[in-house]
Amino acid sequence: MPLINIKIDGRSYQVVDGMTILQAAKVCGYEIPSLCTYHNGECNVGSCRVCLVEVKGARGLVASCAYPVADGMEISISSQKAMEARRRSVELLLSNHNQNCQQCVKNGKCELLHVANVTRARPEAFAGEHSETHYDELAPGLIRDTSKCILCGRCVARCENAHGLGILGYENRGFRTFVGPAENRSFADSPCIQCGQCVKVCPTGALTEHSEIHKVDEAFRAGKHVIVQAAPAVRAALGEEFDYPVGTPVTGKMIAALRRLGFEKVYDVNFGADLTIMEEGTELLGRLQNGGVLPMITSCSPGWVNYAEYQYSDLLPHLSSCKSPHQMQGAIIKSFWAQEHNIAPEDIFVVSVMPCTAKKYERQREQLKVNGIPDVDAVITTRELARMIRRAGIMFRHLPDEDWDQDIMGDYSGAGVIFGVTGGVMEAALRTVYYKLTGKEKEGITFKEVRGHDGGIREASIDIDGTVINVALASGMRSAKVLLDEIRAGKSKYHFIEIMGCPGGCINGGGQPYVRSTLLPKEEPNIEGTYKEKRALALYSEDERQVIRQSHNNPQIQELYRRFLGEPNSHKAHELLHTSYAPREGFNDIDR
Ligand code: SF4
Ligand code: SF4
Ligand code: SF4
Ligand code: FES
């Protein structure tokens, strides 16, 4: 792209042609307030008008998020006219906004509050009538509160771009306009997969996760044995909540914080990931060798499982019957661990810390109970954990590094760590399948051909001593749909497919910290892409540091099979670690 000359507030700069004024200004070191456009230009409805600037020769003020730069352009960000116009735009948004900032979970991360502060907007400048509002807390994963919605449309764009689902849209006209599922239905009565991608991009508190912190509090009060397990993607992003650079793993401090919050045991879900690989790898080999249903599709992303149950129920036999890692580990805590510690499963309360809002539904599935007892009792997101840490007054950055509890479920392999990245489940499984087929470890250990995928579809043919396994990966339902339609049409050439609900996998899950553009280099055009990449690197580097890098070499996994489960896919393993699926129409089968 050619460079062009522009002026901002009287100073000369060279920028790449084709950018919007908003993007070009950022490259030159200026932050123009913006709300309705997302960092990478996703969603440009141009509705909020908080990004107005003056352009010499243009008629009136222009929306910098939509207006392209041109050679010789002279832009005024700081003229009185532009500053007043931006302030008025924010004041208009505030005039129809439920401003209970003190109680709002978005406070501290709220982009509306940020632009109100920057523009010095007066909250009561246009005080008047408020439009009718809608509050939906029936769905397990998310809450919608239109009293805080600024109609920016980011959620609408994200759901459509990631999944092609179009769950959210504008309803009504004029002052009565609101954003929600069709006919103002609850998320619980729509084909929403509870992924939380819309929550992640919402600039205000209009969309939030359905918090389960109160359930954890109640369990402590009831004197339960409260045990926590944290997913790999959490440690790669939790630091962002405490102003660490993106991609800083904070495993040791996270464990120390969990102990200070009062959890009796602090476990890593990586152990459960290793267990999943033992079961899933064995299941795949069984299907390959005994003419089972192929391609087999991974089942550890509950957003994807929800989508399959809604939209592709004819393909449910393709899903691996394996529970996801935290559900497997929960089942082991309430059986083997309970037995070893002589504690009744009813007295144990398992909390999973997850990057995912869909896990809040998963834990409530009837098919994920053993003898009527759920494997997992509460799911909190990375953001909720950060909230609990702040609420308890724990100074995260001052914490020492501590280690996981080591009894029974303390060991984990590098294969378990990379579960959080798209392609990670596939690579972890291939490491074990390679060993099972050849009786030796793969030289160099890794399968880099299934890495580096970010949305879209990636495929590879893996030749293991003459056995060719065709694999494919997709994350986000828009790309998964292509692979699923091929299967439906009988044209799929794959043996094994990994599908993740969120684009980029769990590191970009709907429960991860909100992406803040100001923390990233100004040259970065695709801000969310950089977050995914940096968080993924944090996990790949942890894999490289592990002495054990294949699930089957985890000594505590070997011991669990020797002492309790027998063989992978044994009767007992099936009873505790496998599940089933059924077509669905909503999320009304949950405890409220
Ligand atoms: S969304 Fe933002 S401005 Fe609105 S109540 Fe919450 S913190 Fe305050
Ligand atoms: S949770 Fe996911 S599927 Fe549901 S509306 Fe939001 S983005 Fe769409
Ligand atoms: S719910 Fe959030 S993201 Fe969606 S339109 Fe409203 S403010 Fe924007
Ligand atoms: S950010 Fe430009 S109009 Fe909303």
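Parameters and conventions
- Residues numbered from 1 in each chain as written.
- Chains lettered and ligands numbered in written order.
- Predicted model: local features only at pLDDT ≥ 70, side-chain atom pairs only at ≥ 80, totals over all residues.
- Heavy atoms only, no water.
- Helix = DSSP H or I, 4+ residues; strand = E, 2+ residues; numbered from the N terminus.
- Rg over C-alpha atoms; globule rule 2.2 N^0.38 Å.
- Contact = heavy atoms within 4.5 Å.
- Areas by Shrake-Rupley, 256 points an atom, 1.4 Å probe, with all protein chains shown as cover.
- Lys, Arg positive; Asp, Glu negative; His and termini not counted.
- Charge placed at Lys NZ, Arg CZ, Asp CG, Glu CD.
- Pairing = 2+ DSSP bridges.
- Salt bridge = Lys/Arg side-chain N within 4 Å of Asp/Glu carboxyl O.
- Buried < 20%, exposed > 50% of the residue type's maximum accessible area, 1.4 Å probe, protein only.
- Near = heavy atom within 4 Å.
- Nonpolar A, V, L, I, M, F, W, Y, C, P; charged D, E, K, R; others polar.
- Domains from an automatic or database assignment.
- Buried area = accessible area lost by both parts, 1.4 Å probe.
- Axes fitted to C-alpha atoms, helices over the stretch in contact; angles between N-to-C directions.
- Parallel < 35°, antiparallel > 145°, perpendicular 65-115°, else oblique.
- Polar contact = N/O pair within 3.5 Å; in protein donor to acceptor, adjacent residues only side chain to side chain.
- Phe/Tyr/Trp six-rings, centres within 6.5 Å; stacked < 30°, edge-to-face > 60°.
- Lys NZ or Arg CZ within 6 Å of the ring centre and 35° of its normal.
- Arc of directions from axis to C-beta.
- Expected span 1.5 Å × (residues − 1).

Turning our eyes to something else, we now look at the overall build of the protein. In terms of regular secondary structure, the protein is built from 19 helices and 20 strands. Whereas a compact globule of 592 residues would reach a radius of gyration of roughly 25 Å, the protein reaches 25 Å, a difference of no more than 12%. Across its three principal axes, the protein shows a C-alpha extent of roughly 75 × 55 × 50 Å. By sequence separation, contacts in the protein at least 24 residues apart represent 75% of the contacts at least 6 residues apart. Split by element, the accessible area of the protein, about 22,800 Å² in all, is 49% carbon and sulfur. Taking the average location of the 67 positive side-chain charges in the protein and that of its 73 negative ones, the two points are 5 Å from each other.

Looking now at the sheet that holds strand β19 (residues 467–475). Adjacent strands of a sheet form backbone hydrogen bonds with each other and so pair up, either parallel or antiparallel. An order of β13-β20-β19-β18 is seen for the 4 strands of this open sheet, with the pairing classed as mixed. This sheet does not close on itself; its edge strands, each paired only once, are β13 (296–297) and β18 (457–464). One ladder, built from 2 bridges, connects β13 with strand β20 (residues 496–500); its direction is parallel. Residue pairing for β20: Ile 297 is matched across the bridge by Ile 497.

Under the counting rule described, the total for this entry stands at 33 salt bridges. Here Glu 209 makes a salt bridge to Arg 387, at a shortest N to O gap of 2.5 Å. With Glu 209 in strand β10 (residues 207–209) and Arg 387 in helix α13 (residues 382–391), this residue pair connects regions lying 178 residues apart in the sequence. For Arg 387, a relative accessible area of 21% translates into the label partly exposed. Between Glu 384 and Lys 360 there is a salt bridge, and its shortest N-O distance comes to 2.7 Å. A residue pair is termed long-range when its members are at least 10 positions apart, and Glu 384 in helix α13 and Lys 360 in helix α12 (residues 359–362) qualify at 24 residues. For the pair Glu 384 and Lys 360, a shared accessibility class is recorded, and that class is buried.

The subject of this paragraph is the site of ligand 3. Near ligand 3 you find 13 residues, and of these Cys 149, Cys 152, Gly 153, Cys 155 and Cys 202 are the closest. In the shell around ligand 3, the residues fall into 10 nonpolar, 2 polar and 1 charged.

We now examine the domain arrangement of the protein. Here the protein is partitioned into domain 1 (3–94), domain 2 (131–210) and domain 3 (214–577). Its C-alpha centre places domain 2 at a distance of 27 Å from the equivalent point of domain 3. Of the residues lining the interface, 23 residues belong to domain 2; the matching set on domain 3 comes to 27 residues. For the domain 2 and domain 3 pair, buried surface summed over both sides reaches about 1,900 Å², with 51% attributable to carbon and sulfur atoms. Contact with domain 3 buries area across many residues of domain 2, yet Ile 193, Lys 200 and Glu 209 alone supply 35% of it, more than any other trio. Put simply, domain 2 and domain 3 have 3 salt bridges between them. Between Arg 383 and Glu 209 there is a salt bridge whose closest N-O contact spans 2.7 Å.

Direction vectors running N to C along helix α9 (residues 269–289) and helix α11 (residues 325–341) enclose 100°, while the axes themselves pass 8 Å from each other. If you check the angle between α9 and α11, you find them roughly perpendicular. Residues Val 269, Phe 271, Gly 272, Ala 273, Leu 275, Thr 276 and Glu 279 of α9 touch α11, and the partners they reach there are Pro 325, His 326, Met 328, Gln 329 and Ile 332. Residues of the contact of α9 with α11, tallied by class, amount to 7 nonpolar, 4 polar and 1 charged.

A word on the side chain of Lys 334. Structurally, Lys 334 can be placed in helix α11. You can call Lys 334 buried: its relative accessible area is 9%. Only 2.8 Å separates the side chain of Lys 334 from the backbone oxygen of Pro 374, close enough to count as a polar contact. Excluding its chain neighbours within four sequence positions, the residues that come into contact with Lys 334 are Pro 345, Ile 348, Val 350, Ile 373, Pro 374, Asp 375 and Asp 377.

With that settled, consider the packing of aromatic side chains. This structure, assessed with the given rule, holds 6 aromatic pairs. Geometrically, the ring pair formed by Phe 242 and Phe 396 is stacked, given 4.4 Å between the ring centres and 15° between the ring planes. Pair noted here: Phe 242 is in the loop between α7 (232–235) and α8 (251–260) and Phe 396 is in the loop between α13 and α14 (414–417), with a separation of 154 residues, a long-range link. Of the two residues, Phe 242 and Phe 396, neither departs from the other in class, the shared state being buried. Ring geometry for Phe 336 versus Phe 564: centroids 4.9 Å apart, planes at 35°, classification tilted. Note that Phe 336 is positioned in helix α11 and Phe 564 in helix α18 (residues 555–565), a separation of 228 residues in sequence. Note on accessibility: Phe 336 and Phe 564 belong to one class, buried. Between Arg 383 and the ring centre of Tyr 514, over which it is positioned, the NZ or CZ distance is 4.5 Å. Its end group placed over the ring of Tyr 244, Arg 397 keeps NZ or CZ at 4.2 Å from the ring centre.

On to the sheet that holds strand β7 (residues 142–145). With antiparallel pairing, the 3 strands of this open sheet are ordered in space as β6-β7-β10. Looking at which strands have only one partner, the edges of the open sheet turn out to be β6 (135–136) and β10.

Taken as a whole, α18 has its buried residues at Gln 556, Ile 557, Leu 560, Tyr 561, Phe 564 and Leu 565. The buried residues of α18 occupy an angular sector of 145° when the element is viewed end-on, so they sit on one face. In this structure, the buried side of α18 is in contact with α9, α11 and α19 (571–577). Two or three places before Gln 556, at the opening of α18, Asn 554 has a side-chain oxygen 2.9 Å from that residue's backbone nitrogen. Positive phi appears at Gly 566, one or two residues downstream of α18, with a value of about 80°.

Turning our eyes to something else, we now look at the pairing of strand β2 (residues 11–16). Across 6 bridges, strand β1 (residues 3–8) lies against β2 in antiparallel orientation. Considered in β2, the bridge of Asn 5 is made with Gln 14. Here β1 folds back onto β2 in antiparallel fashion, the turn holding 2 residues, of which Asp 9 has a positive phi close to 45°.

When the terminal C-alpha atoms of helix α16 (residues 477–488) are compared, their 15 Å separation across 12 residues agrees well with the 16 Å that a helix rising 1.5 Å per residue should span. Of all the residues in α16, the buried ones are Met 477, Ser 479, Ala 480, Leu 483, Leu 484 and Ile 487. With its buried residues spanning 160° around the axis, α16 presents them on a single face. On its buried face, α16 is in contact with α4 (154–163), β13, α10 (302–311), β18, β19 and β20. Residue Gly 490 follows α16 closely and has a positive phi angle near 70°.

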